[in-house]
Amino acid sequence: MSGWTHARTCPERTCVGCRERAAKAELLRIVAIKDACVPDPRGTLPGRGAYVHLAPVCLDQAVRRRAFTRALRAPGALDTKALRQYVEQMTVAEEATP
């Protein structure tokens, strides 16, 4: 035997808020467009990406530690209003589904 396994591994990423590793499908990709953090749920927008859990706690930690600015290599502060609104909508939608 060659030692190769046929089991597929899923890609992992680190949440910039809580710094925990998780499957890429469990995290939300964030990209910087101009001076704003924009959610990229499909993962197709161009540019450097950062990942965060869809939890307000992780988002708050990332904003407080300025993790988006560092991870996205932005020259200045980034606006997170659109991102916060998206995370809150998704959290409400998850709670509404049984």
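First, a word on scope: everything that follows refers to the structure included in this document. Within every chain, residues take consecutive numbers counted from 1 along the sequence as written. With the structure being a predicted model, the display of local features is reserved for residues of pLDDT at least 70 and the display and counting of side-chain atom pairs for 80 or more, all residues being used for whole-chain, interface and lining totals. Values reported for side chains reflect all heavy atoms of the structure, with hydrogen atoms and water molecules removed beforehand.

1. Digging into the pattern of salt bridges
Formally: Salt bridge, as applied in this entry: a Lys or Arg side-chain nitrogen positioned within 4 Å of an Asp or Glu carboxyl oxygen. Three exposure classes are used, based on accessible area relative to the maximum for each residue type with a 1.4 Å probe and protein chains only: buried under 20%, partly exposed in between, and exposed over 50%. Strands are runs of DSSP state E lasting at least two residues, helices are runs of H or I lasting at least four, and both sets are numbered from the N terminus onward.
If you walk through the whole model with that rule in mind, you get 3 salt bridges. Taking the shortest distance from any N to any O, the salt bridge between Glu12 and Arg21 comes out at 3.3 Å. Residue Glu12 is classed as partly exposed on the basis of its relative accessible area, which comes to 40%. Taking the shortest distance from any N to any O, the salt bridge between Arg84 and Asp60 comes out at 2.7 Å. One end of the pair, Arg84, is in helix α3 (residues 81–96); the other, Asp60, is in helix α1 (residues 56–64), with 24 residues separating them in the sequence.

2. Overview of the pairing of strand β4 (residues 36–40)
In plain terms, the rule: At least two DSSP bridges between two strands are needed for those strands to be called paired.
Bridge count for strand β3 (residues 27–33) against β4 is 5 bridges, and the pairing is antiparallel. Residue Ile33 lies in a different strand from β4, and its bridge partner there is Ala36. Between β3 and β4, which pair antiparallel one after the other, the connecting turn spans 2 residues, and Lys34 there sits at a positive phi close to 60°.

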